[in-house]
Amino acid sequence: MLIGYARVSTHDQSLDLQRDALNAVGCEKIIVDVASGSEQERSGIDQLREVLRKGDVLVVWRLDRLGRSLKQLITLIEEFESMGVGFRSVTESIDTTSPGGKLFFHIIGALAEFERNIIVERTKAGLSAARARGRLGGRPKKLSKQQQKLVHQLYEAKQLSLKEICEMFGISKTTLYSYIKVRE
């Protein structure tokens, strides 16, 4: 039986492309996951472990849908192979049910990891360059400087509870403490 696995990182992303591709190759069942590929524990992978049986073939749209690193991919593929389950990637045309497919999987997996590492390096370099130009990045502050000063004064006065201060400004306790910490 062909069993598909589709994954997106957030609920905002669409699974349509992956579902269409998996249905087109004849998957009888599709397990869907909404989780980062770098997460080790994913409910969809746990479902696959329960559903897959000897003789089944796990099908993904692309290698990076199953795992982010070569080590993670190989670990999962070997786990499924030990169960007697084959593996196919639609986009990369990989089919581990043949020796040539296994070799090709390892080569493509290494290239995919290489590409991911290059992206990470470029991102880090871009962030460093932006910091060097004085841009810190990150989420914008919820409160203006004047509001932050008022929050600090209310906190120091101890006339209102933390909950009351947070409700007054529409912030969480964590945010309140981050503003207090900055002023100390």
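What comes next is a walk through the structure. (Residues numbered from 1 in each chain as written. Predicted model: local features only at pLDDT ≥ 70, side-chain atom pairs only at ≥ 80, totals over all residues. Heavy atoms only, no water.)

Looking at the side chain of Gln18
- Inspection of the secondary structure assignment puts Gln18 in helix 1 (residues 16–24).
- A relative accessible area of 5% means that Gln18 is categorised as buried.
- The residues touching Gln18, leaving out its near neighbours within four places in the chain, are Tyr5, Ala6, Arg7, Val8, Trp61 and Arg65. (Helix = DSSP H or I, 4+ residues; strand = E, 2+ residues; numbered from the N terminus. Buried < 20%, exposed > 50% of the residue type's maximum accessible area, 1.4 Å probe, protein only. Contact = heavy atoms within 4.5 Å.)

Overview of the sheet that holds strand 1 (residues 2–8)
- With mixed pairing, five strands are arranged side by side in an open sheet as 2-1-3-4-5. On the outer flanks of this sheet lie strand 2 (29–34) and strand 5 (94–95), each paired with one strand and no other.
- Note that strand 1 and strand 2 share six bridges and pair parallel. Note that in strand 2 the partner of Ile3 across the bridge is Lys29. (Pairing = 2+ DSSP bridges.)

Here's the deal with helix 5 (residues 99–132)
- With 34 residues, helix 5 should reach 50 Å at 1.5 Å per residue; the first-to-last C-alpha distance of 50 Å fits that figure.
- Every buried residue of helix 5 is listed here: Gly101, Phe105, Ile108, Gly109 and Ala130.
- At the exit of helix 5 stands Gly134, carrying a positive phi of roughly 95 degrees. (Expected span 1.5 Å × (residues − 1).)

So, unusual backbone geometry
- One non-glycine residue, Ser93, adopts positive backbone phi at about 50 degrees.
- Residue Ser93 is classed as exposed on the basis of its relative accessible area, which comes to 59%.
- Phi at Lys158 is positive, roughly 55 degrees, even though this residue is not glycine.
- Looking at where Lys158 falls in the secondary structure, it is placed in the loop between helix 6 (145–157) and helix 7 (162–169).

Observations concerning the environment of Leu162
- With respect to the helices and strands, the residue Leu162 is situated in helix 7.
- Look at Leu162 and you get partly exposed, because its relative accessible area is 24%.
- Along the primary structure Leu162 and Lys173 are separated by 11 residues, whereas in three dimensions their C-alpha atoms are 7.1 Å apart.

With respect to helix 6
- The end-to-end C-alpha distance of helix 6 is 18 Å, a good match for the 18 Å that 13 residues give at a rise of 1.5 Å each.
- Regarding helix 6, the residues found buried are Gln148, Val151, His152 and Leu154. Summarising the axial view, the buried residues of helix 6 lie within an arc of 165 degrees, below the 170-degree limit, and thus occupy one face. In helix 6, the exposed positions that point more than 90 degrees away from the buried face belong to Lys145 and Gln146.
- At the exit of helix 6 stands Lys158, carrying a positive phi of roughly 55 degrees. (Arc of directions from axis to C-beta.)

A closer look at the pattern of salt bridges
- Tallied over the full model, the rule gives five salt bridges.
- One continuous salt-bridge network, built from bridges that share partners, spans Asp46, Arg49 and Glu79. (Salt bridge = Lys/Arg side-chain N within 4 Å of Asp/Glu carboxyl O.)

Some details on the nonpolar core
- Counting 21 residues, the largest nonpolar core has Tyr5, Leu48, Leu58, Leu66, Phe87 and Phe105 as the members making the most contacts within it.
- With six residues, the top contributor of residues to this core is helix 4 (residues 70–82).
- Sequence-distant contacts of Leu58, defined by excluding residues within four places in its chain, comprise Ile3, Tyr5, Leu48, Leu52, Leu66, Phe80, Val85, Gly86, Phe87 and Arg88.
- In terms of nonpolar packing, the next biggest core, distinct from the first, is built from 10 residues, Leu154, Ile165, Ile171 and Tyr179 among them. (Core = buried A, V, L, I, M, F, W, Y, C linked by side-chain atoms within 4.5 Å.)

Quick notes on the packing of helix 2 (residues 43–51) against helix 4
- Contact geometry for helix 2 and helix 4: axes closest at 11 Å, N-to-C directions at 20 degrees. Judged by the angle between their axes, helix 2 and helix 4 are roughly parallel. The element helix 2 and its partner helix 4 pack so that their crossing is right-handed. Contacts between helix 2 and helix 4 involve Ile45, Leu48 and Arg49 on the former and, on the latter, Leu76, Glu79 and Phe80.
- A class-by-class count of the residues in the contact of helix 2 with helix 4 yields four nonpolar, no polar and two charged. (Axes fitted to C-alpha atoms, helices over the stretch in contact; angles between N-to-C directions. Parallel < 35°, antiparallel > 145°, perpendicular 65-115°, else oblique. Left-handed = near helix turned anticlockwise from the far one by under 90°. Nonpolar A, V, L, I, M, F, W, Y, C, P; charged D, E, K, R; others polar.)

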